[in-house]
Amino acid sequence: MAGAAPRTEWLDDSFALDNKRFIVTGSDLAAFACEDQWPLKRPPLMLETNIPGIIAVGDTRAGSVKRVASAVGENSMAVHLVYRYLAECEDQLASTQQVPVVAAQATVLSAHSSHTLAT
């Protein structure tokens, strides 16, 4: 069955993975040791990995339904979450009165590819 094996070996050193090697996201991160390493004051966004701004969707995500329609829906949600994250970054930069934001980036990890969005 497609999606049954997450193929996330290359992410071992970077992301919180469950015992089946799926990427852990959102509030599920609280059950992992990485919770105390979360660098932000706010909790992770729904599909956000243990690295702020990196969103995991589709079959590689722990707890996903493993259906095409669900993956499509998660990708749609990811766009909203990425823009929310970018707006948060822009607000933080503006509040510190540093150099204006020229471009910010966030990455979406999906079962088939990764995408970088910029504003």
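Cut-offs applied
- Residues numbered from 1 in each chain as written.
- Predicted model: local features only at pLDDT ≥ 70, side-chain atom pairs only at ≥ 80, totals over all residues.
- Heavy atoms only, no water.
- Helix = DSSP H or I, 4+ residues; strand = E, 2+ residues; numbered from the N terminus.
- Buried < 20%, exposed > 50% of the residue type's maximum accessible area, 1.4 Å probe, protein only.
- Areas by Shrake-Rupley, 256 points an atom, 1.4 Å probe, with all protein chains shown as cover.
- Polar contact = N/O pair within 3.5 Å; in protein donor to acceptor, adjacent residues only side chain to side chain.
- Contact = heavy atoms within 4.5 Å.
- Core = buried A, V, L, I, M, F, W, Y, C linked by side-chain atoms within 4.5 Å.

Asker: I'd love a proper account of the overall build of the protein, names of residues and values included.
Answerer: Of the regular secondary structure elements, the protein holds one helix and three strands. The burial tally for the protein puts 40% of its 119 residues in the buried class. Within the structure as shown, the protein displays about 7300 Å² of accessible surface, and the carbon and sulfur contribution to it stands at 55%.

Asker: Lay out the environment of Asn50 in plain terms, naming residues and giving numbers.
Answerer: Within the element layout of this structure, Asn50 appears in the segment before strand E1 (54-56). Sequence separation of Asn50 and Ile23 is 27 residues, and the distance between their C-alpha atoms is 9.2 Å. Only 2.9 Å separates the side chain of Asn50 from the backbone nitrogen of Ala16, close enough to count as a polar contact.

Asker: Give me the lowdown on the side chain of Thr49, citing residues and values where you can.
Answerer: As for its position among the elements, Thr49 is in the segment before E1. For Thr49, a relative accessible area of 0% gives the class buried. When residues no more than four places from it in sequence are discounted, the contact partners of Thr49 are Phe15, Ile23, Val24, Thr25, Leu29, Trp38, Ile54, Ile55 and Ala56.

Asker: Residue-level account of the nonpolar core, with values.
Answerer: Judged by nonpolar contacts, Leu45, Leu47, Ile55, Val57, Ala78, Leu81, Val82, Tyr85, Leu86 and Cys89 together constitute the single largest core of 10 residues. Looking at which element gives the most residues to this core, the answer is helix H1 (residues 68-95), with six residues. Not counting chain neighbours up to four residues away, the residues in contact with Leu47 comprise Thr25, Ile54, Ile55, Ala56, Val57, Arg61, Glu74, Met77, Ala78 and Leu81. One finds Leu11, Phe15, Ile23 and Ile54 within the second-largest nonpolar core, a separate group that totals six residues.

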